[in-house]
Amino acid sequence: MDDMQGPFALWSLFASAFISATLAPGGSEAVLAYLAHQARHEPQTLLFIATLGNTLGGVTTWLLGRLAAFRYPADSLARNHLKAVGSVRRYGDYLLLLSWLPVVGDGFCFAAGWLRLSFWWSLAAMAIGKGLRYGLIVYAFI
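Residues numbered from 1 in each chain as written. Predicted model: local features only at pLDDT ≥ 70, side-chain atom pairs only at ≥ 80, totals over all residues. Heavy atoms only, no water.

Asker: Could you clarify how one ought to interpret a nonpolar patch on the surface in this entry?
Answerer: A grouping of Tyr-94, Leu-97, Leu-98, Trp-100, Trp-121, Ile-128 and Leu-132 is seen on the molecular surface, where their side chains present a nonpolar patch of about 670 Å² in accessible area. Here the nonpolar patch gets 3 residues from one element, more than from any other, and that element is helix α6 (residues 119-141). On the secondary structure map, Trp-100 appears in the loop between α4 (82-95) and α5 (104-114). A relative accessible area of 31% means that Trp-100 is categorised as partly exposed. (Patch = residues over 30% accessible without salt bridge, like charges linked within 9 Å, V, L, I, M, F, W, Y side chains within 5 Å. Areas by Shrake-Rupley, 256 points an atom, 1.4 Å probe, with all protein chains shown as cover. Salt bridge = Lys/Arg side-chain N within 4 Å of Asp/Glu carboxyl O. Helix = DSSP H or I, 4+ residues; strand = E, 2+ residues; numbered from the N terminus. Buried < 20%, exposed > 50% of the residue type's maximum accessible area, 1.4 Å probe, protein only.)

Asker: Where do I start with the layout of surface pockets in this structure?
Answerer: Unoccupied space between atoms shows up once a probe the size of one water molecule is rolled over them. Quantified by volume, the largest pocket comes out at close to 210 Å³. What lines the largest pocket is a set of 17 residues, and nearest its centre among them are Ser-20, Leu-101, Pro-102, Val-103 and Asp-106. Elements with a minimum of two residues in the lining of the largest pocket: α2 (28-38) and α6. Taken together, the residues of the lining of the largest pocket sort by class into 8 nonpolar, 5 polar and 4 charged. (1 Å grid on protein atoms, 1.4 Å probe; cavity = no way out; pocket = protein on both sides within 12 Å on 5 of 7 lines; lining within 4 Å. Points joined across faces, edges and corners; volume = space filled by probe spheres on them. Nonpolar A, V, L, I, M, F, W, Y, C, P; charged D, E, K, R; others polar.)

Asker: Whenever I open this one, the nonpolar core confuses me. Can you help?
Answerer: One recurring pattern in soluble globular proteins: nonpolar side chains tend to sit buried together. With 15 residues, the main nonpolar core has Leu-13, Leu-32, Leu-35, Leu-46, Ala-50, Tyr-134 and Ile-137 as its most contacted residues. Only α1 (6-20), α2, α3 (43-71) and α6 provide two or more residues apiece to this core. Here this core gets 5 residues from one element, more than from any other, and that element is α2. Ignoring any residue separated from it by four or fewer positions in sequence, one finds Leu-13 in contact with Ser-28, Val-31, Leu-32, Leu-35, Leu-46, Ile-49 and Ala-50. (Core = buried A, V, L, I, M, F, W, Y, C linked by side-chain atoms within 4.5 Å. Contact = heavy atoms within 4.5 Å.)

Asker: What am I meant to see in the packing of α1 against α3 here?
Answerer: The axes of two packed helices give the description: the angle between them and the distance between them. The interhelical angle for the contact between α1 and α3, taken along N-to-C directions, is 35°, at an axis separation of 7 Å. Crossing geometry of α1 relative to α3 is assigned as right-handed. Counted together, Leu-10, Leu-13, Phe-14, Ala-17, Phe-18 and Ser-20 of α1 and Thr-45, Leu-46, Ile-49, Ala-50, Leu-52, Gly-53, Asn-54, Leu-56, Gly-57 and Thr-60 of α3 form the full contact between these two elements. Of the residues assigned to the contact of α1 with α3, the class counts are 10 nonpolar, 6 polar and no charged. (Axes fitted to C-alpha atoms, helices over the stretch in contact; angles between N-to-C directions. Left-handed = near helix turned anticlockwise from the far one by under 90°.)

Written out as structure tokens, the structure is:
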């Protein structure tokens, strides 16, 4: 991993963060921690790149949910699921602050798109939550 410097390192961080936020597994935290510990890049740059990649990955998952809503609209669910859908619609904006969580975070992003929650609020909530998580990682390893 000695070649993890310069633009290659930042592109690797971006790709890892993007993939980690989609339905595919990834390990962006390890890449970020390694780069932060190396101290070859500004911590703010690492934080920005990781947050941008992870947020764009979350937006991709949100868009997949939005596409799924065309084929499987939430209103077509069985009556016993409508209460759960109503709860997610009510609190979904705030759940996206936790979109960084392993396994369930991707589901939150998908559900937000599927339930047609506001794109701009979803984007902001994902960026804030993911940025705070990555900020803690950078702070812990510099």
